Amino acid sequence: MKAKYALIALLAISFFGCDDNTAGLGLGMFPGSDQKINGKLTTFDATTESVHAGKIYAMSNIGYVGKFTDETFGTYEAGFLAELNCPKGMTFPNAFSGNTESGTGQMMTSFDNVEDGVGKTYTIIKDEDGKTPIGNCQINIYLWYDSYFGDSLTACRLSMYGLDQKLNNKYYWYEDPDAYYTNIDPTKYYDKTTSLLGSKSYTAVDLSISDSIRNLSTYTPYIKITLDQAKTQELGEKLLKEGRTQDLYNKFKGIFPGLYVKSDYGDGTILYINAVQMDVAFLEHARDSITGGLLHTYTGKDSVVYNGRSFTATREVVQANRLENDDQAIQECIDKSEWTYLKSPAGIFTQVTLPVSEIADKLQGDTLNAVKLGIPIYNQTSDKKFGMSVPKSVLLIRKKYKDTFFKDNKLSDDITSVLFDYSSYTSSFTEYTYNNITQLVNDCLADGEREAAEKELQKGPMTLKITNSKGEIVNQEVHDIKEWEKYSDWNKVVLIPVLVTKDSSSSNNYYGNSSSQVISIQHDLKPSYARLKGGTEMIQEIIDGKPQYNSDGTPKMVHKTPLKLEVVSTNFGTRSK
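Residues numbered from 1 in each chain as written. Predicted model: local features only at pLDDT ≥ 70, side-chain atom pairs only at ≥ 80, totals over all residues. Heavy atoms only, no water.

A few words on the overall build of the chain. Within the chain, the secondary structure is distributed over ten helices and 30 strands. Taken across its 577 residues, the chain has 45% of its residues classed as buried. By element, 47% of the accessible surface of the chain is carried by carbon and sulfur atoms, the whole surface being about 29400 Å². (Helix = DSSP H or I, 4+ residues; strand = E, 2+ residues; numbered from the N terminus. Buried < 20%, exposed > 50% of the residue type's maximum accessible area, 1.4 Å probe, protein only. Areas by Shrake-Rupley, 256 points an atom, 1.4 Å probe, with all protein chains shown as cover.)

Summarising the element assignment, Ser 357 is placed in helix α6 (residues 356-362). Looking at Ser 357, the relative accessible area reads 10%, which means it is buried. In terms of polar contacts, Ser 357 uses its side chain to reach the side chain of Glu 485, at 2.4 Å. Leaving out residues up to four positions away in the same chain, Ser 357 has contacts with Arg 450, Glu 485 and Trp 490. (Polar contact = N/O pair within 3.5 Å; in protein donor to acceptor, adjacent residues only side chain to side chain. Contact = heavy atoms within 4.5 Å.)

The next point concerns the pairing of strand β9 (residues 259-265). Within β9, five of the seven residues are buried, leaving the element largely enclosed by the surrounding structure. The pairing of strand β3 (residues 74-82) with β9 spans three bridges and is antiparallel. Bridging across to β9, Ala 82 finds its partner in Leu 259. Where strand β6 (residues 156-162) meets β9, six bridges bridge the pair, whose relative direction is antiparallel. Opposite Ser 159, over in β9, you have Lys 262 as the bridge partner. (Pairing = 2+ DSSP bridges.)

A few words now on helix α5 (residues 327-334). Every buried residue belonging to α5 is among Ala 329, Ile 330, Gln 331, Cys 333 and Ile 334, and all of these are buried. The N-terminus of α5 is capped by Asp 326, whose side-chain oxygen sits 3.1 Å from the backbone nitrogen of Gln 328.

So, about the nonpolar core. Membership of the largest hydrophobic core comes to 49 residues, with the highest contact counts inside it found for Tyr 64, Phe 73, Trp 173 and Phe 406. Here the element with the most residues in this core is strand β21 (residues 492-502); it accounts for four residues. Beyond its immediate chain neighbours, meaning those up to four positions away, Phe 73 contacts Asp 326, Ala 329, Ile 330, Cys 333, Tyr 341, Lys 343, Ile 348, Met 388 and Tyr 529. (Core = buried A, V, L, I, M, F, W, Y, C linked by side-chain atoms within 4.5 Å.)

Now for unusual backbone geometry. When glycine is set aside, most residues are seen to have a negative phi, and most peptide bonds are trans. In this structure, the amide linkage connecting Ser 344 to the following residue, Pro 345, adopts the cis form with an omega of 0°. With respect to the element layout, Pro 345 can be found in the loop between β13 (340-344) and β14 (348-353). One non-glycine residue, Asp 414, adopts positive backbone phi at about 65°. With respect to the element layout, Asp 414 can be found in the loop between α7 (402-407) and β17 (417-421). Exposure remark for Asp 414: the relative accessible area of 39% places this residue in the partly exposed category. Of note in the backbone geometry, Asp 544 takes a positive phi value of approximately 55° without being a glycine.

Among the nine residues that make up β3, seven are buried, leaving the element largely enclosed by the rest of the structure. In the sheet, strand β2 (residues 63-70) pairs with β3 via five bridges, with the strands oriented antiparallel. Its bridge partner lying in β3, Thr 69 is registered against Thr 75. Here β2 folds back onto β3 in antiparallel fashion, the turn holding three residues. As paired elements, β3 and strand β12 (residues 319-324) share six bridges and run antiparallel to each other.

Before going further, it helps to examine helix α9 (residues 449-457). Every buried residue of α9 is accounted for by Arg 450, Ala 453 and Leu 457. Within α9, the buried residues cover an arc of 60° as seen down the axis, which keeps them to one side. Along its buried surface, α9 packs onto α6, β19 (462-467), β20 (473-478) and α10 (481-487). (Arc of directions from axis to C-beta.)

Here we come to the confidence of the model for the chain. A residue-level look at the chain finds 86% of positions with pLDDT of 70 or above and a mean pLDDT of 86. The model gives residues 1-35 a pLDDT under 50, and that stretch makes 47 contacts with residues more than four places away or in other chains. (pLDDT = per-residue confidence, 0-100.)

Our next topic: the packing of aromatic side chains. Aromatic ring pairs are reported here in terms of the distance separating the ring centres and the angle at which the planes meet. A full pass over the atoms with the stated rule returns 22 aromatic pairs. Considering the side-chain rings of Tyr 57 and Tyr 181, the 5.5 Å spacing of their centres and the 75° angle between planes classify their relative orientation as edge-to-face. One end of the pair, Tyr 57, is in the loop between β1 (40-52) and β2; the other, Tyr 181, is in the loop between β6 and β7 (196-202), and 124 residues separate them in sequence. A relative accessible area of 16% places Tyr 57 in the buried class. Taking the relative accessible area as the measure of exposure, Tyr 181 reaches 14% and is therefore buried. Ring centres of Tyr 64 and Tyr 272 lie 5.3 Å apart, and the angle between their planes is 70°; on these two criteria the pair is classed as edge-to-face. With Tyr 64 in strand β2 and Tyr 272 in strand β10 (residues 269-285), the pair connects residues that are 208 residues apart, well separated along the chain. Neither Tyr 64 nor Tyr 272 differs from the other in exposure class; each is buried. Pairwise contacts between aromatic rings join Phe 420, Phe 429, Tyr 432 and Tyr 434 into one cluster. (Phe/Tyr/Trp six-rings, centres within 6.5 Å; stacked < 30°, edge-to-face > 60°.)

This is the structure we're talking about:
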């Protein structure tokens, strides 16, 4: 028996170690005494269609902002909401009270006795009475980005808004269950007429900075928003008062719940913001460390110390992206029958209907050793000035699990989901190849959903909730198990472009190659697309050159370009003596 299992394993390895046509490969390797194993290769048709991505779970540590119009997919626009983090133990220094007792520097409340120009861009913060000075500050918010998509010199403008403390006086914006999806409505969380923090015009490459600076390895481009005097007074007063009486950590969310960044002007650039930072800078009196007296410049003016506090958006706090696609253009692409699309972000997925029942019927009693699905990619046209790249990491997942997978931050398990990751390829690839989805097919067969539907249909028609070709959720009545299979999610899998994060450490595998572990799989929110073989186009079936017809005389129609699902199976028959 051990010899038999060794032969089966060798068969599967030989078959799936190559992407070329492998019809019949390995089946003649069985010795005559083991022919009862009945190993075989069977090919089945799998059909595909383009489907709306709909809203997707988009909690991320990257914020996307900008606008880009493509001749195929129309206009895509991005903005994001972010919460800032206040470290535990953060406080602000007290305001200068006029005494010269020993102690550290204290925040200046007047710039009357300083050199000309010092404090010019800082605001003296007044108490709520509008008269008593309690300190000073300048507030700058930085958006740092390492990369972008599109034109580096397109003139753009963005606006930044402070978010309301609570939505309908019930909860903070990030407690809203819809806050993490791409269809989030930011207008629910801010007042456009009163909460503007500032606007800034920019280009992705800032030509006002010299080449020598931009070419430094330590240089990171950024956009800077400086709050005006009124906004600085409003926010600064709350920060200084609350940050002096106790640790600001527990108070900060109520003072500054977050910000929203949106594109105002320009079409051609999407920035990938990987860090948001709010700096609250202030000036202190320089003090003698021994006497505590004020230090002065040679002119007799007060000597000044620059200080500040920083609040950043990190992985530990919430960041949500609002993404909008051109509905009409996306629908036109979905309606194409000659092929299917992948379009990110939140655009188009490709849905595959697996012939699960056909496999079970035709290979009844066989053991599935390996199931391979290849999805060819059509060549991209090169006529676009800023063409989108092909998604390099694509998750194949059972449709019923596609939402909870990302919400629960799961990893691919090769049972309900299988990952195609470009890092496994040293050269360009021409298809998404899933070498072994055996466990996924077996998972469909074993979940009992089809059997339960058969029993229910014996009582009468069933009503299913389905998503139609326009992305609308509608009721669909089914009358038999064939209709149920057509409309249910039981035998459906979806191709989804994903962003794969791996740990920074690496280890050597058995063959001495360096490898790293996948630690996160998220929706890919960068613009990309692929045109795939498949689609819903139908043609009349031809067998041996003869057109085929149904019993009622109508032409028998089949899919023009189905995908091929290749299955290696074995059947252990009784061995002859």
